[in-house]
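# Geometric and topological summary
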Amino acid sequence: MSDIKYILGSFGDPDEMMHGIEKLQENNISIYDVYTPMPIHGIEAKLGIKRSRIDIAAFCFGITGTCCAFALIYFCAVIDWRVNIGGKPSFALPDFIPIMFELTVLFCAFGMVLTYYASTHLFPGRAPRVMDLRATDDRFVIAVDAKDNAAHTVIDGLLKEAGALEIKYNERKYISYE
Amino acid sequence: MSGHNESILREPLITGDNITYAKITDDILMPVENKPNKAWWIGFIVSALGALLWVVAVSYTFWNGIGAWGLNKTVGWAWDITGFVWWVGIGHAGTLISAVLLLFRQNWRNSINRSAEAMTIFAVICAATYVVSHMGRPWLAYWVLPLPNQFGSLWVNFNSPLVWDMFAISTYFSVSLLFWYTGLLPDIATIRDRAVGTRRKIYSIFSFGWSGSVKTWQRFEAVSLILAGISTPLVLSVHTIVSMDFATSVIPGWHTTIFPPYFVAGAIFSGFAMVLTLLLVARKVLGLENYITMFHIESMNKIIILTGSIVGVAYLTEFFIAWYSGSEYEQYAFINRSTGPYWWSYWMMMTCNVISPQLLWFKKIRLSIKATWILSIVVNVGMWFERFVIIVTSLHRDYIPSSWAMFYPTWVDISVFVGSIGLFFTLFLLFLRVLPSIAIAEVKLLLKTASEQAKMKQIKEGHENKEYVAEYIESLEKFDSVKQEDYAKI
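On a predicted model such as this, the values are computed, not experimentally measured, just so you know. (Residues numbered from 1 in each chain as written. Chains lettered and ligands numbered in written order. Predicted model: local features only at pLDDT ≥ 70, side-chain atom pairs only at ≥ 80, totals over all residues.)

## Some remarks on the overall build of chain B
In terms of regular secondary structure, chain B is built from 18 helices and 0 strands. For a compact globule of 490 residues, the expected C-alpha radius of gyration is about 23 Å, and chain B comes in at 24 Å, within 12% of that figure. In terms of overall dimensions, chain B has C-alpha extents of about 80 × 50 × 40 Å along its principal axes. Relative to its 490 residues, chain B shows a buried fraction of 50%. Partitioning the intrachain contacts of chain B with sequence separation of at least 6 by distance along the chain shows that 83% fall at a separation of at least 24. (Helix = DSSP H or I, 4+ residues; strand = E, 2+ residues; numbered from the N terminus. Rg over C-alpha atoms; globule rule 2.2 N^0.38 Å. Buried ≥ 20, exposed ≤ 12 C-beta atoms within 10 Å, placed from the backbone. Contact = placed C-beta atoms within 7 Å.)

Structure (structure tokens):
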């Protein structure tokens, strides 16, 4: 038994999986992570995951874009080389707005998505860290750290009771490296 | 997500019984995981030949310059900018479906957003090639960027809508690509975990190591929502700026303040028509009737009636304002449009965009796949003529009658346009083979609440209002993928 690293409860239904999380938590068994093929609403509250702060990052990136666009246009059209267009003012703010808006969106989108990739460790070629291959297909998987939670049979029982279709013991943390 | 049931009054978004999470994956990945059939090959070969024609025609233009096109000194913009605006407009439906409908919580978008976004990207590629090739010296295309140079530095003219357009189109393309690809990650991971060997390795690289853990999903949803929030004004701004290419000029017929909303409505109109053209065929060939249902088709048709009518009102308003302005040049531009030498293109536009979409008010036509498909093509023909009318008829009779001219396309003009359609379909057909054409994870979200079987269960439990149930069953009559006899018993 000592080789087991993770105990996986594989559920066929998201509601049963949520039930499984409750059961484990009632028995003070800590959950390592949950892998699902689709987003499950309300799960982050159960697992005590804080609200994402990515919106703050998005705002900061966006406002950076606005400022960069304004600075660029102001430098080019007002400071560095004023073009006399029928004697009209060089500092024509309304004309600057379309590009300021576009660069706001561009910086916001790229900044936010790259932050997201960085914070969740997503990048091209990263070895997928998958515990159960069906967790991206039709199974909702609860992973419990076997070393931290000694009573394996209790965990099995709780997961089965909640409706787990399958209980797996992973001797390696991730099975997707081979 | 599934703590409560959805109202029985809402039509189901997934039909069929015995739909499970596994079946959704199997059904959607069928074209990706199997060898293509004959229909695909025929379509692909025809489109690839078109794409080849495009390569030839664009190369010919690059080599010989835009003298290869039928332009003259009066008509300096014709099929090129017509094609550009047409393709950008088509692209807009993808963003509208993925972003605007997400903000409005329209769940029916979940099964059409992926292919519509793919369509956006391919359409913008087609549009962008027009921009580059109409420059005449495409190897100097980087001159539109504000780069330091040895002429001063002489910067680009930031007061010019053409420079705004460069920023708008490139932002639009890259943000759409980002939105689309981020949404694809979980689905690529699904393919990866089902594949073996080299296939797994390839999909593994492109899946960015997606695992589907709680935090990844939580942030994924936050990112999607914010991207939708910024893409919504983006898509409106892009076509607004495209329309400003005309509206900020002083050419009678172009110099109108109605252009931005009128162009945006037209873009959505033609984009939805193109989505229907593609999806009605894809649905049948790929056997996706349970996911892209008659409800989806009807909803898109309703958007087409709405935006088509907005476009119609815009045409009439333009005419009225031309008369009301009291400016004889403005008045002449519009009289010339409808009765001058290009009267046929004006009336083609009026018929295809304003009159024929009104047929969709009839339920029978709206729910007929054949009629919808034909109308969707008619709409896009009409939208092409709209741009042609705006561009060419406003230019061809300019300030001095001695310089009045007509525009006649050369074989290169025609080949670039026909070829760009080939390029578009080639890319779309390749997309169907290598990536899931429906967002798998998003459709799975609907299974427990908005599917026919979930609603069937609700009815069988017997707590629903009888009148509502009757109304619901009546609404199922239009579905071609629902077995009516199952409901006869209830």
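## A closer look at the overall build of chain A
Across its full length, chain A carries 5 helices and 4 strands. When the helices and strands of chain A are listed from N to C terminus, the series reads β-α-β-α-α-α-β-α-β. The globule rule puts the C-alpha radius of gyration for 178 residues at 16 Å, and the 26 Å found for chain A is more than 25% above it. Reported as C-alpha extents along the three principal axes, the dimensions of chain A are approximately 85 × 35 × 25 Å. Sorting the 178 residues of chain A into buried and exposed places 39% on the buried side. In chain A, 85% of the contacts between residues at least 6 apart in sequence involve partners at least 24 apart.

## Structural notes on the confidence of the model for chain B
All names here are of chain B. Looking at chain B, pLDDT values average 90 and 99% of them are 70 or higher. Mean pLDDT across the elements of chain B bottoms out in helix α18 (residues 485-488) (74) and peaks in helix α14 (residues 411-434) (94). In the predicted assembly, ipTM is 0.92 and pTM is 0.92. (pLDDT = per-residue confidence, 0-100.)

## Here's the deal with the environment of B:Leu435
Checked against the element boundaries, B:Leu435 lands in the loop between α14 and α15 (440-450). Placed 407 residues apart in sequence, B:Leu435 and B:Ile28 show a C-alpha to C-alpha distance of 9.6 Å.

## Here's the deal with the interface of chain A and chain B
Taken together, the 62 residues of chain A in the interface contact 58 residues of chain B. Those elements that place two or more of their residues in the side of chain A that touches chain B are α1 (14-26), β2 (33-35), α2 (43-46), α3 (54-80) and α4 (93-119) of chain A. Broken down by element, the side of chain A that touches chain B gets its largest block of residues, 17 residues, from α4(A).

## Some points on the sheet that holds strand β1 (residues 6-11) of chain A
All names here are of chain A. In space, the 4 strands of this open sheet follow the order β2-β3-β1-β4, with antiparallel pairing throughout. Among the strands making up the open sheet, the edge pair consists of β2 and β4 (166-170). Adjacent strand axes in the sheet meet at a mean angle of 20°, parallel and antiparallel pairs treated alike. Of the pairings in the sheet, the one linking β2 to strand β3 (residues 140-145) comprises 3 bridges and is antiparallel in character. Across the sheet, Val34 pairs through a bridge with Ile142, a residue of β3. (Pairing = 2+ DSSP bridges. Axes fitted to C-alpha atoms, helices over the stretch in contact; angles between N-to-C directions.)

## Here's the deal with the packing of α3(A) against α4(A)
Residues and elements named next belong to chain A. Where α3 contacts α4, the axes come no closer than 7 Å and their chain directions differ by 145°. Relative to α4, α3 is oriented so that their crossing is right-handed. Contact with α3, carried on its side by Ile54, Ala57, Ala58, Phe61, Gly62, Thr64, Gly65, Thr66, Cys68, Ala69, Phe70 and Ile73, involves Phe96, Ile99, Met100, Leu103, Thr104, Leu106, Phe107, Cys108, Gly111, Met112, Thr115 and Tyr116 of α4 and no other residues of that element. (Left-handed = near helix turned anticlockwise from the far one by under 90°.)

## Section: the pairing of β3(A)
All names here are of chain A. In terms of burial, β3 is a largely internal element, 5 of the 6 residues being buried. By the bridge criterion, 6 bridges tie β1 to β3 in an arrangement that is antiparallel. Bridging from a neighbouring strand, Gly9 pairs with Ile142 of β3.

## A closer look at unusual backbone geometry
Residue B:Ser153 is bonded to the preceding B:Gly152 through a cis peptide linkage, with omega at 0°. Inspection of the secondary structure assignment puts B:Ser153 in the loop between α4 (113-133) and α5 (161-194). A positive phi angle is found at A:His121, which is not glycine, with a value near 55°. Looking at the element boundaries, A:His121 is found in the loop between α4 and β3. We classify A:His121 as exposed; it has 12 C-beta atoms within 10 Å. A positive phi is found at B:Phe208, a non-glycine position, where the angle reads about 60°.

## Side note on the nonpolar core
Core analysis: the largest hydrophobic core is formed by 164 residues, its most contacted members being A:Met112, B:Phe272 and B:Val275. With 16 residues, the single largest contributor to this core is α5(B). Apart from residues lying up to four places away in sequence, B:Val275 is in contact with B:Ala93, B:Ile112, B:Ala116, B:Met119 and B:Met300. Listed in part, the 27 residues of the second largest apolar core include A:Leu24, A:Met131, A:Phe140 and A:Leu159. (Core = buried A, V, L, I, M, F, W, Y, C linked by C-beta atoms within 7 Å.)

## What to know about the packing of helix α3 (residues 79-103) of chain B against helix α7 (residues 214-247) of chain B
For any two helices packed against each other, one specifies the inter-axial angle together with the distance between the axes. All names here are of chain B. Packing of α3 against α7 brings their axes to within 8 Å, and their N-to-C directions diverge by 155°. By the angle class used here, α3 and α7 are roughly antiparallel. Two packed elements cross with a definite hand, and for α3 against α7 that hand is left-handed. Residue-level inspection shows Val85, Val88, Gly89, His92, Thr95, Leu96, Ser98, Ala99, Val100, Leu102 and Leu103 of α3 in contact with α7, the latter providing Ala228, Gly229, Ser231, Thr232, Val235, Val238, His239 and Val242. Tallied by class, the residues present in the contact of α3 with α7 amount to 11 nonpolar, 8 polar and no charged. (Parallel < 35°, antiparallel > 145°, perpendicular 65-115°, else oblique. Nonpolar A, V, L, I, M, F, W, Y, C, P; charged D, E, K, R; others polar.)

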